[in-house]
Each structure stands twice: as C-alpha cells, then as structure tokens.
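# Observations on the three-dimensional arrangement
Okay, here's what each chain looks like letter by letter:
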Amino acid sequence: MGKWKCLWCSKVIEGESFMDLIEASMQEESKKHIHGWENITLVEEATKLASKLLPSLHS
C-alpha cells in the first residue's frame with residue numbers, strides 16, 4: 001500500500017499492492033511499456049525521519 005512511482009515515466013499510483021500495479025500496468029500499456037515501480041511512501045517517510053534526526057545531530 002502507499003504511493004508507487006515509475007522510475008522511468010514518473011507515473012504515480014496510490015493505494016494498491018505491488019502485484020496489482022504490475023497487472024494494471026500490463027493491461028493499461030498493452031505490454032508496450034514496462035514500469036519500474038518504487039514505493040515513494042517509504043522514501044517520503046525516510047526523508048521526514050532524517051529531517052527530524054539531522055537537526056539533533058548538530059546540537
């Protein structure tokens with residue numbers, strides 16, 4: 001679950017499982033374009049956590 005972004009075309013899909021994304025991509029693109037999905041929800045959460053931790057390291 002979460003937000004998924006294609007590494008090549010920057011398409012973003014939200015709230016589906018990884019396997020659902022693969023199936024939807026194959027149907028939508030008629031197997032012409034293969035998406036490389038990255039879970040950007042995890043990236044966003046890691047960035048927020050790092051932002052909170054970094055200021056405390058400089059104190």
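Here, every reference points to the structure presented above.
Anyway, here's the lowdown on the structure attached to this text. Fair warning: this is a prediction, and the values are worked out from it, not measured in the lab. Residue positions are given per chain, counted from 1 along the sequence in the order it is written. Given that this is a predicted model, residues contribute local features only at a pLDDT of at least 70 and side-chain atom pairs are listed and counted only at 80 or more, while totals for whole chains, interfaces and linings are drawn from all residues. To obtain the side-chain values, all non-hydrogen atoms of the structure were included, while hydrogens and water were left out.

Quick look at the overall build of the protein now. Strands here mean DSSP runs of E at least two residues long; helices mean DSSP runs of H or I at least four residues long; both are numbered from the N terminus. Of the regular secondary structure elements, the protein holds two helices and three strands. Along the chain direction, N to C, the helices and strands of the protein fall in the order β-β-α-β-α. Here's how the labels work: a residue is buried when its accessible area is under 20% of the maximum for its type, exposed when over 50%, partly exposed in between, all with a 1.4 Å probe on protein chains only. Taken across its 59 residues, the protein has 20% of its residues classed as buried. Contacts spanning at least 24 positions in sequence make up 56% of the contacts within the protein whose residues lie at least 6 apart. Carbon together with sulfur atoms contributes 61% to the accessible area of the protein, which is approximately 4,600 Å² in total. We call two residues contacting when some pair of their heavy atoms lies within 4.5 Å. To measure how exposed things are, a 1.4 Å probe is used in the Shrake-Rupley method; for residues, cover is taken only from the protein chains shown.

On to the side chain of Asn39. Of note, Asn39 is situated in strand β3 (residues 37-39). A relative accessible area of 16% means that Asn39 is categorised as buried. Polar contacts, as counted here, are pairs of nitrogen or oxygen atoms within 3.5 Å of one another; within protein the pair requires one atom able to donate a hydrogen and one able to accept it, and residues that are adjacent in sequence qualify only if both atoms are side-chain atoms. Within polar-contact distance, the side chain of Asn39 engages the backbone nitrogen of Thr41 at 2.9 Å.

Put simply, a disulfide is two cysteine sulfurs that come within 2.5 Å. Inspection of the entire model under this criterion finds zero disulfides. Considering cysteine sulfurs only, Cys9 is the nearest to Cys6, which forms no disulfide, with 3.7 Å between them. Classification of Cys6 by relative accessible area gives buried; the value is 0%.

Only one face of strand β1 (residues 3-6) is buried: it carries Trp4 and Cys6, and the other face, with Lys3 and Lys5, is open. Here β1 pairs with strand β2 (residues 12-14) via three bridges, running antiparallel. By the bridge assignment for β2, Lys3 is matched with Glu14. Here, any two strands with at least 2 DSSP bridges between them count as paired. Hairpin connection of β1 to β2: five residues between the antiparallel strands, including Ser10 at a positive phi of 65°. Pairing of β1 with β3, which is carried by three bridges, proceeds in the antiparallel orientation. Considered in β3, the bridge of Cys6 is made with Trp37.

Quick look at a nonpolar patch on the surface now. Where nonpolar side chains cluster on the molecular surface, the patch consists of Phe18, Met19 and Ile22 and spans about 280 Å² of accessible area. Here Phe18 lies in helix α1 (residues 18-28). By relative accessible area, Phe18 is classed as partly exposed at 36%. Distance thresholds for patches are 9 Å for like charges and 5 Å for nonpolar side chains (Val, Leu, Ile, Met, Phe, Trp, Tyr), applied to residues having over 30% relative accessible area and no salt bridge. Salt-bridge detection follows one rule: a side-chain nitrogen of Lys or Arg within 4 Å of a carboxyl oxygen of Asp or Glu.

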